[in-house]
There are 4 protein chains.
Amino acid sequence: MSEIGHNSEAFGESPDVINQDAQGRLRSFVARLETLDDQKDDILSDAKEVYAELKGEGFDPKAIRKLISLRKKDRAKVIEAKTILELYASALGCLDLV
Amino acid sequence: MSEIGHNSEAFGESPDVINQDAQGRLRSFVARLETLDDQKDDILSDAKEVYAELKGEGFDPKAIRKLISLRKKDRAKVIEAKTILELYASALGCLDLV
Amino acid sequence: MSEIGHNSEAFGESPDVINQDAQGRLRSFVARLETLDDQKDDILSDAKEVYAELKGEGFDPKAIRKLISLRKKDRAKVIEAKTILELYASALGCLDLV
Amino acid sequence: MSEIGHNSEAFGESPDVINQDAQGRLRSFVARLETLDDQKDDILSDAKEVYAELKGEGFDPKAIRKLISLRKKDRAKVIEAKTILELYASALGCLDLV
DNA sequence: GGCTTGGAATAGCTTC
DNA sequence: GAAGCTATTCCAAGCC
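Predicted model only: the values in this text are computed from it and were never measured. For every chain, the first residue of the written sequence is number 1, and numbering continues from 1 onward in sequence order. The naming scheme follows written order: chains are lettered A onward, ligands numbered 1 onward. The model is predicted, so local features are restricted to residues of pLDDT at least 70 and side-chain atom pairs to those at 80 or more, both for listing and for counting; the totals for chains, interfaces and linings are taken over all residues. The basis for the side-chain values is all heavy atoms of the structure; hydrogens and waters are excluded.

Description of the overall build of chain A
Secondary structure elements are taken from DSSP: a helix is a run of H or I of four residues or more, a strand is a run of E of two residues or more, and numbering for both begins at the N terminus. When helices and strands are counted, chain A shows three helices and zero strands. Counting helices and strands in the order they occur from the N terminus, chain A gives α-α-α. Accessibility here uses a 1.4 Å probe with only protein chains present; expressed as a share of the type maximum, an area under 20% marks a residue as buried, one over 50% as exposed, and anything in between as partly exposed. In chain A, which comprises 98 residues, the share counted as buried stands at 32%. To measure how exposed things are, a 1.4 Å probe is used in the Shrake-Rupley method; for residues, cover is taken only from the protein chains shown. On chain A, roughly 6,500 Å² of surface is accessible, and the fraction owed to carbon and sulfur atoms is 55%.

Here we look at a negative patch on the surface
A cluster of acidic side chains, namely A:Asp38, A:Asp42, A:Asp46 and A:Glu49, defines a negative patch on the protein surface. As for its position among the elements, A:Asp42 is in helix H1 (residues 15–56). Like-charged residues within 9 Å of one another, or nonpolar side chains (Val, Leu, Ile, Met, Phe, Trp, Tyr) within 5 Å, are grouped into patches, provided each residue has over 30% relative accessible area and no salt bridge. Only one rule defines a salt bridge in this text: a Lys or Arg side-chain nitrogen within 4 Å of an Asp or Glu carboxyl oxygen. Residues scored as positive are Lys and Arg, those scored as negative are Asp and Glu, and His as well as the terminal groups of each chain are ignored. A charge is said to be at NZ when it belongs to Lys, at CZ for Arg, at CG for Asp and at CD for Glu.

Description of the protein's contact with DNA strand E
Only a single heavy atom is needed: when it lies within 4 Å of a molecule or strand, its residue is near that molecule or strand. Around DNA strand E, the structure places A:Lys55, B:Lys48, B:Lys55, B:Arg65, C:Lys66, C:Ser69, D:Lys40, D:Leu44, D:Lys62 and D:Arg65. The sugar-phosphate portion of DNA strand E accounts for 100% of its atoms within 4 Å of the protein, the bases making up the rest. In this count, Pro and Cys sit with the nonpolar residues alongside Ala, Val, Leu, Ile, Met, Phe, Trp and Tyr, while Asp, Glu, Lys and Arg are called charged and the others, Gly among them, polar. When the residues that make up the surface near DNA strand E are grouped by side-chain class, the tally is one nonpolar, one polar and eight charged.

Things to note about the packing of helix H3 (residues 75–91) of chain A against helix H2 (residues 61–91) of chain D
Fitting a line to C-alpha atoms yields each axis, with helices limited to the stretch in contact; the angle taken between N-to-C directions then spans 0 to 180 degrees. Following both chains from N to C, one finds H3(A) and H2(D) inclined at 55°, their axes separated by 9 Å at the closest point. Considering their axes alone, H3(A) and H2(D) lie oblique with respect to each other. The interaxial crossing formed by H3(A) with H2(D) has right-handed handedness. Contact residues: H3(A) offers A:Ile84, A:Leu85, A:Tyr88 and A:Ala89, while H2(D) offers D:Ala63, D:Ile64, D:Lys66, D:Leu67 and D:Leu70. Split into classes, the residues belonging to the contact of H3(A) with H2(D) amount to eight nonpolar, no polar and one charged. Every angle not falling under 35 degrees, over 145, or within 65 to 115 is termed oblique; those three ranges are roughly parallel, roughly antiparallel and roughly perpendicular. For any helix crossing, the convention is left-handed if the near helix is rotated counterclockwise from the far helix by under a right angle, and right-handed if that rotation is clockwise. Here a residue-residue contact requires only that any non-hydrogen atoms of the pair lie within 4.5 Å.

So, a positive patch on the surface
Taken together, the side chains of A:Lys62, A:Lys66, A:Lys73, D:Lys62, D:Lys66 and D:Lys73 define a basic patch exposed on the protein surface. Those elements that place two or more of their residues in the positive patch are helix H2 (61–72) of chain A together with H2 of chain D. Sorting elements by how many residues they give to the positive patch places H2(D) first, with three residues. By relative accessible area, A:Lys62 is classed as exposed at 67%.

Some points on the interface of chain D and chain C
Opposite the 30 residues of chain D that make contact, chain C presents 31 residues. Around 3,000 Å² of area is buried between chain D and chain C when both sides are counted, 70% of it from carbon and sulfur atoms. Inspection of the chain D/chain C interface yields 12 salt bridges. Across the pair C:Arg71 and D:Glu34 runs a salt bridge whose closest N-O atoms are separated by 2.7 Å. Residues adjacent in sequence count toward polar contacts only when both atoms are side-chain atoms; beyond that, a polar contact is any pair of N or O atoms within 3.5 Å, and within protein one must be able to donate a hydrogen and the other to accept it. Scanning the region where chain D abuts chain C turns up 10 residue pairs in polar contact (both at pLDDT 80 or more). Broken down by secondary-structure element, the contributors of at least two residues to the side of chain D that touches chain C are helix H1 (15–56) and H2 of chain D. Per-element accounting of the side of chain D that touches chain C gives the leading share, 22 residues, to H1(D). Of the residues belonging to the side of chain D that touches chain C, the class tally is 15 nonpolar, two polar and 13 charged. Summed over both partners, the accessible area lost on bringing two parts together, with a 1.4 Å probe, is the buried area.

Some details on the pattern of salt bridges
In the structure shown here, the tally under the stated rule is 32 salt bridges over all chains. In this structure, the salt-bridge partner of C:Asp37 is D:Lys72, at a minimum N-O distance of 2.8 Å. Of this pair, C:Asp37 sits in helix H1 (residues 20–56) while D:Lys72 sits in helix H2, on two different chains. By sharing partners, the salt bridges in this structure join A:Asp37, A:Lys40, A:Asp41 and B:Lys72 into a single network.

Quick word on the layout of surface pockets
Detection works on a 1 Å grid of protein atoms alone, calling trapped sets that fit a 1.4 Å probe cavities and calling open sets with protein on both sides within 12 Å along at least five of seven lines pockets, with lining residues defined by an atom within 4 Å of a point. Grid points are joined across faces, edges and corners, and a volume is the space filled by probe spheres set on the points. Computed from the structure, the largest pocket encloses a volume of approximately 550 Å³. Considering the residues around the largest pocket, the lining is formed by 16 residues, among which A:Val78, A:Ala81, A:Lys82, D:Lys62 and D:Lys66 are closest to the centre. Contributing elements (two or more residues each) for the lining of the largest pocket: H2 and H3 of chain A together with H2 of chain D. Grouping the amino acids of the lining of the largest pocket by side-chain chemistry returns eight nonpolar, no polar and eight charged.

Focus: the protein's contact with DNA strand F
Taken together, A:Lys40, A:Lys62, B:Lys40, C:Lys48, C:Pro61, C:Lys62 and C:Arg65 make up the full set of residues adjacent to DNA strand F. At a separation of 3.3 Å, a phosphate oxygen of DNA strand F approaches a polar side-chain atom of B:Lys40. A distance of 3.4 Å is found between a phosphate oxygen of DNA strand F and a side-chain nitrogen or oxygen belonging to C:Arg65.

What to know about the nonpolar core
Among buried residues, those of type Ala, Val, Leu, Ile, Met, Phe, Trp, Tyr and Cys that are joined through side-chain atoms within 4.5 Å constitute a nonpolar core. Residues A:Tyr88, C:Ile64 and D:Ile64 are the most contacted members of the largest nonpolar core, which totals 45 residues. The set of elements that each furnish at least two residues to this core consists of H3 of chain A, H1 and helix H2 (61–91) of chain C together with H1 and H2 of chain D. Apart from residues no more than four positions distant in its own chain, D:Ile64 is found in contact with A:Tyr88, C:Leu26, C:Val30, C:Leu33, D:Tyr51, D:Leu54 and D:Phe59. By size, the runner-up hydrophobic cluster in this structure holds 32 residues, among which are A:Ala22, A:Val30, A:Leu33 and B:Ala63.

Points about H1(C)
Since the α-helix turns once every 3.6 residues, residues separated by three or four places project in the same direction. When the terminal C-alpha atoms of H1(C) are compared, their 54 Å separation across 37 residues agrees well with the 54 Å that a helix rising 1.5 Å per residue should span. With its phi angle positive at about 95°, C:Gly58 sits one or two positions after the end of H1(C). Here, expected helix span is obtained from the residue count minus one, scaled by 1.5 Å.

A look at the confidence of the model for chain A
Averaged over every residue, the pLDDT of chain A is 83; residues scoring 70 or more account for 82%. Confidence of the predictor at the level of single residues is given by pLDDT, which spans 0 to 100. The least confident element of chain A is H1(A), whose mean pLDDT is 88; the most confident is H3(A), at 90.

Laid out in structure tokens, this is it:
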């Protein structure tokens, strides 16, 4: 393991200097990413509140999640999935379950 | 079973109808949630760019993902660490001794 | 799109039909999976009994669940721990130095 | 924290003796539960293989999961219905008819 | 019986 | 484009 933070002898190309530079850039990248992650968590938290609110008004959170998910998904794919399920159920003779 | 937005008092209307008010609130909730979801997608997109950038500078994206994940877990772990001791005592059936 | 068990080549038959062979294999797969699922349920049932028993002896089931979960994670962590060091080096862009 | 494993002065009722006993029983319970958990993991692993296999034959794993889930729920309902019937028959003193 | 936690499944991104 | 890994989502079991 090479000692990080040990500034070796004022040479511009020594491995340690490279590491120190890399370390600085790494810190910067990590900071940016963690900031973004925090923002994402805030948004998820907000969404959670909205779900709590609508639940408080008597709506079904689960149903609304599903609804939003469906709106986001491609309609064609939804239909295809349903078709396959019916196909298999039919093969098993339990179409009534679908 | 009581249904929100169900306006069938003494009317012969279909049960599958929601009143105007509930419909409006539902639209509002869905709009808010979809806005939040869009923002989340933007952030994920930004993070993606950052990963592309750091990769371009020779860093390993996978490793940095792991790093950030570990840092996040560590922060979370400190918070729950205080409960573990009690938990162990409780597991031994001698919580009263702690 | 190629569909397994879809025997409609040049026939006017419904697309929602599976051929005999595919149907047989499907039945077989489902049977195997349902057998496995039954076995899993038996095991979960046994575990439930153990938890009831230990609760009867004054232990805290919730704590013990947590304990077992932590032990499982620990074991997993030990296995991956050896990769983390390389990962950190990699994150710094200096894997070659390790 | 009380020192576990320290057998204090040969008294049968000291807390440490109680703890040692509790510790032994705890170990036993944990061992039983972890064995069961291992078995469960084996079964899940087997199921995973089956899903991989059927996928290899062109079936849609997701659809089959759904199908099995539906069949399971259905069976549960059938069993429940039968139970209720027996319950009523029993109440009417005509269990022999069921 | 709902609510909350934990585990399993799915989907998306990454790499080969 | 297929396969593995990670992250999110979903669901069910457990507890109050």
